Amino acid sequence: MIEISKLNAWFDDNHVLKDVDISVPANGSFGLVGESGSGKSTVLRTVTGLVDDWEGTITVKGKKLGPKRDKDFYRLAQMVFQDPFGSLHPRHTIDRILTEPVNIHGLGNSDARVVEALTQVGLDNAFRFRYPHQLSGGQRQRVAIARALILEPKILLLDEPTSALDVSIQAEVLNLLGRLRRDLGLTYIMVSHDLAVVAHMCDDIAIMNHGRIVERATAEQLAEGTLEHPYSQQLYKAAGGYDRAVVDTFVDWD
Amino acid sequence: MSSETLLTVKNLEVTFNTPKGKVHAVRGVSFDLGRERLGIVGESGSGKSQTGRAILGLTAANGAITADKMQFRDVDLANLTPKQWRKVRGARISMIMQDPKYSLNPVMTIGDQIIEAYREHHKVNAKEARLRALEMLEAVKIRDPERVFNSYPHETSGGMGQRVMIAMMLIPDPELIIADEPTSALDVTVQLQVMAILDDLVRDRGMALIFISHDLQLISSFCDRVLVMYQGHVVEELRASELHNAKHPYTKGLLNCLPKMDGDHSDLPTLEREASWAEG
């Protein structure tokens, strides 16, 4: 479904992605893990057309992407951002937020589509005419997911979709994303700093550091803890909680 | 750890007057603190931060604190004048905030801020204070203290900023440190490194620590004892090592809903909240 090869990207003189290769089958779920500045979000932003200066090939559903993304691309792939407080227009009602993409793409029948999208993310119709500030963080993230789903895409690009949420709400949103992938046959690329979230959600995982993929693993390999690269081992250990002796073994990777 | 009690809080209540009516943020919290590491854990809105702030008298102006008792050693925290508070804050009880970006002064060099914190409570000359500040930056494992001393907060990374904050809060040598989500904004390895620094300093100097966090796993691997808060109440208190024996359904729910690296992709158990938990 998504083939990325030899992807390089720059922010001015800063070389932020270095030869990134990713391949995600249809209905697959691919996880990118790394710390801040590793380039994990930049991969998603490049695919979705938010980064201008890049080289390499990105092929989505058999079609090679050029410098610009057309409307067809956005019907196929939608992105969900990290911060549900920053990604919804504060002065638009949920109804307007959800109707806008329908109108842009001229799909029509927006009324029924809005109701369906809200149902898909488990929000009842009462939320339709509220404003974002009247919603909790988890509810807002559901709206952001509904806005992505309303165009009936086949691909969701998820950039830290639960890291701003409490753990109990995170569990609900992760379950929702899992269910949507099963029911609608979606393909995911999910970015997170949390190894456990990615291990839970994804089949294939890549660990990034300084713009490079340093290691690839399957969810099974993560479960067994058989990571080889010292950087990934360090991330894996860090996910286990605080242990004074383990901290002493950490090295800086900058 | 000795059994000597540093701080006693009995029936602490914090309420806020807001345009939408009264908000009862903390509802009857009681605990004793010795020279130990106490974790307060809860989700957003549980009242964990307001509990910490009330101990330091930092509750916002529209809030009211009542308590049957708030005793810190020889000081009755419930009845202090602003002048008396200034003798306690920083010098005897200090607080490490979540985000160094917003908590450090952006137009003052890091060195000057640490010196200011030190000289506020210690009568020393500028040269001596500078020496102590550089020592402190070394103690929080900053590799090039001279350079950091002369730089501004925006020139440092998140992990470095948080080390600077720890240096600043620890330099007056307080007896109690309240750390409110001190590492939540940091990458996971940096987070653990900063915690290790805090761990060593608190241990060496025999300080007591209240560590406030939303991360139950992290807190239980770091603290001696944990209070679990929900909607302003302490719903469970347990030894950190006994976390797996937690009894309260909220604590258990919080533990169960965490994703695990076990290769299992099935749905996570979600937390079914019961109204009775909020009644204490």
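So, a few notes on the structure that sits alongside this text. (Residues numbered from 1 in each chain as written. Chains lettered and ligands numbered in written order. Predicted model: local features only at pLDDT ≥ 70, side-chain atom pairs only at ≥ 80, totals over all residues. Heavy atoms only, no water.)

1. Some points on the layout of surface pockets
All names here are of chain B.
Consideration 1: Considering only enclosed or pocket space, the second largest pocket measures out at about 580 Å³ in volume.
Consideration 2: Around the second largest pocket sit 22 residues that line it, and Arg89, Gly90, Ser94, His121 and Met169 are the ones nearest its centre.
Consideration 3: Listed by contribution, the elements that provide at least two residues to the lining of the second largest pocket are strand S7 (93–96), helix H4 (110–121) and helix H7 (158–170).
Consideration 4: Per-element accounting of the lining of the second largest pocket gives the leading share, five residues, to H4.
Consideration 5: In the lining of the second largest pocket, the residues fall into 12 nonpolar, six polar and four charged.
Consideration 6: For the lining of the second largest pocket, the two domains that each supply at least three residues are domain 1 (1–92 + 177–279) and domain 2 (99–173). (1 Å grid on protein atoms, 1.4 Å probe; cavity = no way out; pocket = protein on both sides within 12 Å on 5 of 7 lines; lining within 4 Å. Points joined across faces, edges and corners; volume = space filled by probe spheres on them. Helix = DSSP H or I, 4+ residues; strand = E, 2+ residues; numbered from the N terminus. Nonpolar A, V, L, I, M, F, W, Y, C, P; charged D, E, K, R; others polar. Domains from an automatic or database assignment.)

2. Some thoughts on H4 of chain B
Residue and element names in this part refer to chain B.
Consideration 1: The end-to-end C-alpha distance of H4, which contains 12 residues, comes to 18 Å, matching closely the 16 Å that a straight helix rising 1.5 Å per residue would cover.
Consideration 2: Ile110, Gly111, Gln113, Ile114, Ile115, Ala117 and Tyr118 are the residues of H4 that are buried.
Consideration 3: Here the buried face of H4 lies against helix H5 (126–139), helix H6 (145–149) and H7. (Expected span 1.5 Å × (residues − 1). Buried < 20%, exposed > 50% of the residue type's maximum accessible area, 1.4 Å probe, protein only. Contact = heavy atoms within 4.5 Å.)

3. Describing the sheet that holds strand S2 (residues 14–24) of chain A
Residues and elements named next belong to chain A.
Consideration 1: The strand order S2-S1-S4-S5 describes an open sheet built from four strands, whose pairing is antiparallel. Every other strand in the sheet has two partners, leaving S2 and strand S5 (63–64) as the edge strands with one partner each.
Consideration 2: Where helix H1 (residues 40–47) meets the sheet, its contacts fall on strand S1 (2–11), S2 and strand S4 (54–60), and the angle it forms with S2 comes to roughly 75 degrees. (Pairing = 2+ DSSP bridges. Axes fitted to C-alpha atoms, helices over the stretch in contact; angles between N-to-C directions.)

4. Considering the packing of aromatic side chains
Consideration 1: Counted by the stated rule, this structure contains six aromatic pairs over all chains.
Consideration 2: Ring centres of Tyr230 of chain B and Tyr250 of chain B lie 4.5 Å apart, and the angle between their planes is 45 degrees; on these two criteria the pair is classed as tilted. With a gap of 20 residues between them, Tyr230 of chain B in strand S10 (residues 225–230) and Tyr250 of chain B in helix H10 (residues 249–256) connect regions that are remote in the sequence.
Consideration 3: With relative accessibility at 8%, the residue Tyr230 of chain B sits in the buried group.
Consideration 4: Clustering of aromatic rings is evident, with ring pairs tying together Tyr242 of chain A together with Phe211 and Phe222 of chain B. (Phe/Tyr/Trp six-rings, centres within 6.5 Å; stacked < 30°, edge-to-face > 60°.)

5. Some thoughts on the interface of chain A and chain B
Quoted interface sizes are often the accessible area lost when the parts come together.
Consideration 1: Between chain A and chain B, the contact holds 34 residues from the first and 33 residues from the second.
Consideration 2: With both chains or domains summed, chain A and chain B bury close to 3000 Å², and 56% of this area falls on carbon and sulfur atoms.
Consideration 3: Broken down residue by residue, the surface that chain A buries against chain B is led by Val167, His200 and Tyr242 of chain A, which jointly contribute 24%.
Consideration 4: When the shortest N-O distance is used, the salt bridge between Asp200 of chain B and Arg244 of chain A registers 2.5 Å.
Consideration 5: Our count for the contact surface shared by chain A and chain B stands at 13 residue pairs in polar contact (both at pLDDT 80 or more).
Consideration 6: When contributions to the side of chain A that touches chain B are tallied by element, the ones reaching two or more residues are helix H6 (167–184), helix H7 (195–201), helix H8 (219–224), helix H9 (230–238) and helix H10 (244–248) of chain A.
Consideration 7: For the side of chain A that touches chain B, the element with the highest residue contribution is H6 of chain A, accounting for nine residues.
Consideration 8: Partitioning the side of chain A that touches chain B into residue classes produces 20 nonpolar, seven polar and seven charged. (Buried area = accessible area lost by both parts, 1.4 Å probe. Salt bridge = Lys/Arg side-chain N within 4 Å of Asp/Glu carboxyl O. Polar contact = N/O pair within 3.5 Å; in protein donor to acceptor, adjacent residues only side chain to side chain.)

6. As for the sheet that holds strand S3 (residues 37–41) of chain B
All names here are of chain B.
Consideration 1: Ordered by their spatial adjacency, six strands build an open sheet running S7-S8-S9-S3-S10-S11, and the pairing between neighbours is mixed. At either margin of the open sheet sits one strand with a lone partner, and together these are S7 and strand S11 (233–239). Direction aside, the axes of adjacent strands within the sheet are offset by 20 degrees on average.
Consideration 2: Both S3 and strand S9 (residues 208–213) contribute to a ladder of five bridges, which runs parallel. Along S9, the bridge assignment pairs Gly39 with Phe211.
Consideration 3: Strand contacts of helix H1 (residues 48–55): S3, S7, strand S8 (176–180), S9 and S10, with the helix running at about 150 degrees to S9, the strand carrying the most contacts.
Consideration 4: Along the sheet, H7 contacts S7 and S8; its crossing angle with S7, the most-contacted strand, is approximately 175 degrees.

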